[in-house]
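Descriptive structure summary
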Amino acid sequence: MRHSFKAHSAIGLGLALSVSAIPTYTVQAAESLEEANVERIIVTGSRRNDRTVSESMVPIDVLSAEDIAKTGQLEVSQVLSNLVPSFNYPNATVADGTDHARPAVLRGLAPDHTLVLINGKRRHSGALLNLNGTVGRGSTAVDLNTIPTAAIERIEILRDGAAAQYGSDAIAGVINIILKKSEGGSINVTYGKHVTTMDGVPELQQTQIDANGDLDFVTGGDRSRTDGATTTLSANWGTTFENNGFINLSLESRDRDATNRSGFDPREQYDRINGELDPRELTFNRYNHNFGKAEIKDTAFFYNAGVSLSNDVELYSFGSYAVRDGLSGGFYREPNDSNNIPEIYPDGFLPQIGSDVKDQAIVVGVNGEVDDWTWDLSVNYGKNDFEFEVVNSLNASMGLDSPTEFKNGSLVYDQTVVNFDVTNMVDLGLENEVFLAMGAEYRSEGYQIIAGEEASYITVLDDNGIPVAAGGAQVLSGFSPESAVDESRHNIALYVDLDTDLTDKLNIAVATRFEDYSDFGSTLTSKLAARYEVSDTLAFRGAISTGFRAPSLAQTSYKSIATVFENGIPSEVGLFPVSASAAQALGAKELEAEDSVNGTLGFVYEKENFNLTVDAYQITIDDRIVLSENLSGDAVVNILQEAGELNTQRARYFTNAIDTKTKGVDVVATYDLNLNTNGELRLSAALNINETEVTHVKENPSELSALGDSYVVFSRREIARFEDGTPKNKLNLAAGWTLDELQVNLRATRYGEVIDSGTTVENDEVLDPNWIVDLDVSYALTDNLKISLGANNLFDEYPEDTISNIGQSNFNQIFPYSGFSSYSIDGRFLYTRLNYTF
């Protein structure tokens, strides 16, 4: 059934501020402070081509290629986490596909609340739907780590709602990645590894039998590890040619070994023999889990090109192709586990999830000028193909006939966007001319689930129709033909932006956007922004806007039925689209778009070499789309059977269950010092304070309430993850010192408290605030050759270990750190980098 979105109109006045030269808060690519203070033209947040950072009406961070290099980080998501205080990249491990494509969040909202652009064009989303208990549960997101850092000229981060300008997803903000188009080139080689001691996790020295005939373990000091060796090779080359043409090519290859931060497994692995421990218990390798970063091999290629067809028309194109092979571990199956077949794995097995990801995109466009009107027409195509496999596993229901490797099927998302924009300065009878931008957009999307091989999902039944044992590939069942989907939709958008100087001191901008979706209806969003300059040193800025986020195709069409074990008992768990009869029988309703209202208000102050910006914000979101609880019990089984799902015991679905309010403040300060013969020093501090509150939980569906009080569609644990799963504050401090050929960059980041919520308050795991210090030292050996040495997490900090934090249990011993840690749980990373430019 078709329905309309809520239509919004924005009213209000935002105040904005600018000063003559506001550099970004991280160390710039310039070789001197004088060069660093040169203003940058920005292309995010306004369609005008003459705006600088200081003239923006809303907060925008600009990160240069040099900023990126100095972090020593090898992934775009980790770079942003290090440099932008409102951006967080939570740790995730033993989380199926999420280990291979971890989602990130801006301002504590969902990963799919941030829109990603490349050269101002919408980037396609990843196909992976995050389904485990991690930050970003139930979301799809752009895979930022398919973008090589070698291709990036700068990154512009708009920290404000921008759905009225760019469409769905731009609720938390916009990340716009600008590709290089310069001449010359560079080759970078980086090698590093983790050299660390695991805080609070003792090393197992010996396994023995105590006087009672039970296992006894002799432990020593904290466990030391050297692993995660990572080699990254990147190259960039660009040239210009006739007709003002250019081409820039980038290639990046990364080979990362897995890390392992598991503790030892204290469980008895083998059945006892006449009441006595099996002798193999004493020689069994008790470090049998992989808890840490997945093994990853990445290769990515980007190009950026343009050429003048005439004096007034330019042809441009950019695109990418990336592949990733990943391998991560699940839960170890003990030798005596009912899911094991001892004839195949006499000592148990650790099933592993493999990924084969292919990501591709191409944009082709033309732009030009006719009678003072500039125009741009482009076609944008992107596709992400996420194929699963499982190795070192088995299908227990198949017995000795089971293979040990499985092709589990694929998730595929593709997007096609056609844009047409025109801009001009027009006379509307005001004191100054008005900048007018208007355009139209057509976007089509497709989402597929492709079934895996039969052995990956089949469950063998006995003569009475009862499962012989757990079906499907252990650790991750494949997609069955019943799970396969092939869905698509399209939408059209019309938008208008107006921007003018009402007075010499007051600049104002208005934007509105109408969108109509083939499957959901229409919506109207608006934005009003302004900037008022009090003096040469002080100005105010702000904006108010409405926004929306349409449910993703994955959220509306994803279907999977998998075997999940709890307490050794197998059950078939189904994730059903809301259109499925099984979901509707349990209270599922047609999904609606999320609606938001976003307000920012701030000021900028500059005095000589000191700059300060302060921006407060509030974001309210109604009808947020979340994943329901796993609904189980006899009553649920009966409902599922009546709906035709005869072999399914538990179910979940997406629902517009909650309303939220997020509020906070960003503070950014920089101070430049010329030390004369002692070089130049840039100091910066950036603080984000952020709080999300679930303001309303929708009434439980009547279908569930009728089953009893224990049947709840959205529980206390999931509410707590929204409110406490990301830091409420984050502070970045940085100092960059340059003296001749020497550069030293020191960063210290304080991550605020995070709570890994449990089903009750008593089971919550509180992760205290912590400081992470990074150091990068570079020396130019020649004009073209530079060497760098660095350490990320210099002082080898870890979050609280789980045993000290929430008590002794087998899995707290095996998995000693929370996956909700705001920073890596892999400890100190040491690296060296060699950079050659030409």
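Quick summary incoming for the structure in this document. Think of each chain on its own: its residues are numbered from 1, step by step along the sequence as written. The model is predicted, so local features are restricted to residues of pLDDT at least 70 and side-chain atom pairs to those at 80 or more, both for listing and for counting; the totals for chains, interfaces and linings are taken over all residues. Hydrogens and water are ignored here; the side-chain numbers use all heavy atoms of the structure.

So, about the environment of Thr459. Strands are runs of DSSP state E lasting at least two residues, helices are runs of H or I lasting at least four, and both sets are numbered from the N terminus onward. Locating Thr459 in the fold gives a position in the loop between helix H5 (454-457) and strand S17 (485-501). Judged by relative accessible area, Thr459 falls into the partly exposed class, the value being 24%. For the pair Thr459 and Asp421, spaced 38 residues apart in sequence, the C-alpha separation works out to 54 Å. Remark: exposure states derive from per-residue accessible area (1.4 Å probe, protein chains only) relative to the maximum for the residue type, with buried under 20%, exposed over 50%, and partly exposed in between.

We now examine the pairing of strand S26 (residues 654-674). Pairing geometry for strand S24 (residues 610-627) and S26, over 16 bridges, is antiparallel. Residue Thr613 lies in a different strand from S26, and its bridge partner there is Val668. Pairs of strands are assigned from DSSP output, requiring at least two bridges between the strands. Pairing between S26 and strand S27 (residues 680-697): 17 bridges, direction antiparallel. Looking at S27, one finds that Asp659 is bridged to His696.

What follows deals with helix H8 (residues 634-642). Taken residue by residue, H8 has Val636, Val637, Ile639 and Leu640 as its buried positions. Considered in projection along H8, the buried side chains sweep an arc of 165 degrees and stay on one side of the axis. Turned more than 90 degrees away from the buried face of H8, the exposed residues are Asp634 and Glu642. Where H8 is buried, its residues touch helix H7 (581-585) and strand S25 (650-652). Count one or two residues on from H8 and you reach Gly644, which has phi positive near 95 degrees. Starting at the helix axis, one direction is taken to each C-beta atom, and the arc is that of these directions. The contact rule is simple, with two residues in contact once any of their heavy atoms fall within 4.5 Å.

Attention now moves to the pattern of salt bridges. Definition used for salt bridges: Asp or Glu carboxyl oxygen within 4 Å of a side-chain nitrogen of Lys or Arg. Evaluated as defined, the whole model comprises 49 salt bridges. The salt bridge involving Arg123 is made with Asp359; its shortest N-O contact spans 3.1 Å. One end of the pair, Arg123, is in the loop between strand S5 (121-122) and strand S6 (152-158); the other, Asp359, is in strand S13 (residues 352-370), with 236 residues separating them in the sequence. By relative accessible area, Asp359 is classed as buried at 3%. For the salt bridge of Glu445 with Arg443, the shortest nitrogen-to-oxygen distance reads 3.6 Å. Each member of the pair Glu445 and Arg443 is classed as buried. A single salt-bridge network, built from bridges that share partners, covers Asp143, Glu252, Arg254, Asp298 and Arg324.

We call Phe, Tyr and Trp rings a pair once their centres come within 6.5 Å, taking the six-membered ring for Trp, and we label the pair stacked below 30 degrees between planes, edge-to-face above 60, and tilted otherwise. In the structure shown here, the tally under the stated rule is 18 aromatic pairs. When the centroid spacing of 4.9 Å and the interplanar angle of 45 degrees are considered together, the rings of Phe386 and Phe388 count as tilted. With a centroid separation of 5.9 Å and 25 degrees between ring planes, the pair formed by Phe811 and Phe815 is classed as stacked. Judged by its relative accessible area of 12%, Phe815 falls in the buried class. An aromatic cluster is defined as three or more aromatic residues linked by ring pairs; in this entry it consists of Phe291, Phe331, Phe811 and Phe815. Definition used: whenever NZ (Lys) or CZ (Arg) falls within 6 Å of the ring centre and also within 35 degrees of the ring normal, the charge is taken to sit over that ring. One Lys or Arg, Arg107, reaches over the ring of Tyr617 and ends 3.6 Å from the middle of that ring. Lying over the aromatic face of Tyr287, Arg223 brings its terminal NZ or CZ to 3.6 Å of the ring centre.

Most of helix H3 (residues 76-83) sits inside the fold, with eight of its eight residues counted as buried. Along H3, the residues classified as buried are Val76, Ser77, Gln78, Val79, Leu80, Ser81, Asn82 and Leu83.

What follows covers the sheet that holds strand S7 (residues 173-179). The sheet built from five strands is open, its strands ordered S1-S6-S7-S4-S5 with mixed pairing. Two strands in the sheet have a free side with no partner beyond their single neighbour: strand S1 (60-64) and S5. Strand direction decides the pairing type here: S6 and S7, joined by six bridges, are antiparallel. Bridge pairing in S7 places Ile157 opposite Ile175. Axis definition: a line fitted to C-alpha atoms, limited for helices to the stretch in contact. Angles are taken between N-to-C directions and run from 0 to 180 degrees. Sitting on the sheet, H3 touches S1, S6 and S7, and the angle it makes with S6 is about 55 degrees.

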